[in-house]
Amino acid sequence: SRFALGTYAPGSTFKPVTAVAGLETGSITPDTTYVCVGQQEFYGQPFQCLNGNAHGTEDVKEALRDSCNMFFYNTALDTGIEAIDEYAEAFGLGQSTGIEIAEATGNISSPENRENAGGIWRIGDTMLTAIGQSDNLFTPLQLANYCSTLANGGTRYELHLVKSIIDTSSGIVNEKSIVEAETLDISETTLDNVYEGMRMVATSGGPGYIFNNLDTEVACKTGTSEVVVNGVKRNNGFLITYAPYKNPEISVSSVVELAGSGSET
């Protein structure tokens, strides 16, 4: 039941949330670019892209493809934590899903949650939240539902394992009804840009060596988050995927503990 009870920092699988928040609030547009030189100081603190990679000038689609931290750090500063958290919540992250088994709710990284836990929120936390770190903790189930909500254009459904319940005494079958938990009003432009970025991950990003060999076109987003095991820094790998790309029918969330990277999953 780790898919419902295990909570993880989602790493870069969160970046589509930040992209949606930035595009929908107008703090970025599809044409907005930032320059990534691999490492940069913000407020006197050094921040870097994965392995210090310099991606150069990137727009939102390219930043999703390359998982460019610098683009999303800048987007976070322009968008603000409130909008990012609002979209994360609408996508069902950090909340119960409605499933019929015990589940963890996880935690959305926010000033309020941090302060309630007796901590202090800093601007760097807004930046780290945008790339799926800081206090973000979600279940693989929530990540699958968020991916599904994004893929279908913004309708989040309650999740169920049970199709129907049969009353043993009367034999009456009660079908589980389809319940919309949230409807996000996301523009076509925003969706198209996020979809194209996620498609580029599958074709020219790390998972391409697998996904390019499939008959079915898929879209995905990788993620990696650092954990310390016996004093040694290791990485958990994450991947959210939906398919077919043009008419999605299925979303998959995969987590491999200590996998090294999202592409490995």
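Look a little higher up for the structure.
This one's a predicted model, so the numbers in the text were calculated from it and none came from an experiment.

Draft legend 1. Looking closely at the pattern of salt bridges. One pass over the full model with this rule turns up 9 salt bridges. In this structure, the salt-bridge partner of glutamate 100 is lysine 176, at a minimum N-O distance of 3.5 Å. On the criterion of sequence distance, the pair formed by glutamate 100 in the loop between helix 5 (81-90) and helix 6 (111-116) and lysine 176 in the loop between strand 7 (173-175) and strand 8 (180-183) is long-range, its members being 76 residues apart. Residue glutamate 100 is classed as partly exposed on the basis of its relative accessible area, which comes to 32%. Since its relative accessible area comes to 34%, lysine 176 is described here as partly exposed. Between glutamate 182 and arginine 156 there is a salt bridge, and its shortest N-O distance comes to 3.5 Å. Taken as a pair, glutamate 182 in strand 8 and arginine 156 in strand 5 (residues 155-157) lie far apart in primary sequence, 26 residues in all.

Draft legend 2. Just the packing of aromatic side chains, in detail. Under the definition given, this model contains 10 aromatic pairs. Through a chain of ring-to-ring contacts, three or more aromatic side chains come together here, namely Tyr34, Phe71 and Phe72. Looking at arginine 199, its charged tip hangs above the ring of tyrosine 245, at a distance of 5.6 Å from the centre.

Draft legend 3. Broad picture of the environment of lysine 61. Here lysine 61 is to be found in helix 3 (residues 60-66). Spatially, the C-alpha atoms of lysine 61 and valine 201 are 9.4 Å apart, while their sequence positions differ by 140 residues. Ignoring any residue separated from it by four or fewer positions in sequence, one finds lysine 61 in contact with Asn193, Glu196, Gly197 and Met200.

Thresholds applied
Residues numbered from 1 in each chain as written. Predicted model: local features only at pLDDT ≥ 70, side-chain atom pairs only at ≥ 80, totals over all residues. Heavy atoms only, no water. Salt bridge = Lys/Arg side-chain N within 4 Å of Asp/Glu carboxyl O. Helix = DSSP H or I, 4+ residues; strand = E, 2+ residues; numbered from the N terminus. Buried < 20%, exposed > 50% of the residue type's maximum accessible area, 1.4 Å probe, protein only. Phe/Tyr/Trp six-rings, centres within 6.5 Å; stacked < 30°, edge-to-face > 60°. Lys NZ or Arg CZ within 6 Å of the ring centre and 35° of its normal. Contact = heavy atoms within 4.5 Å.

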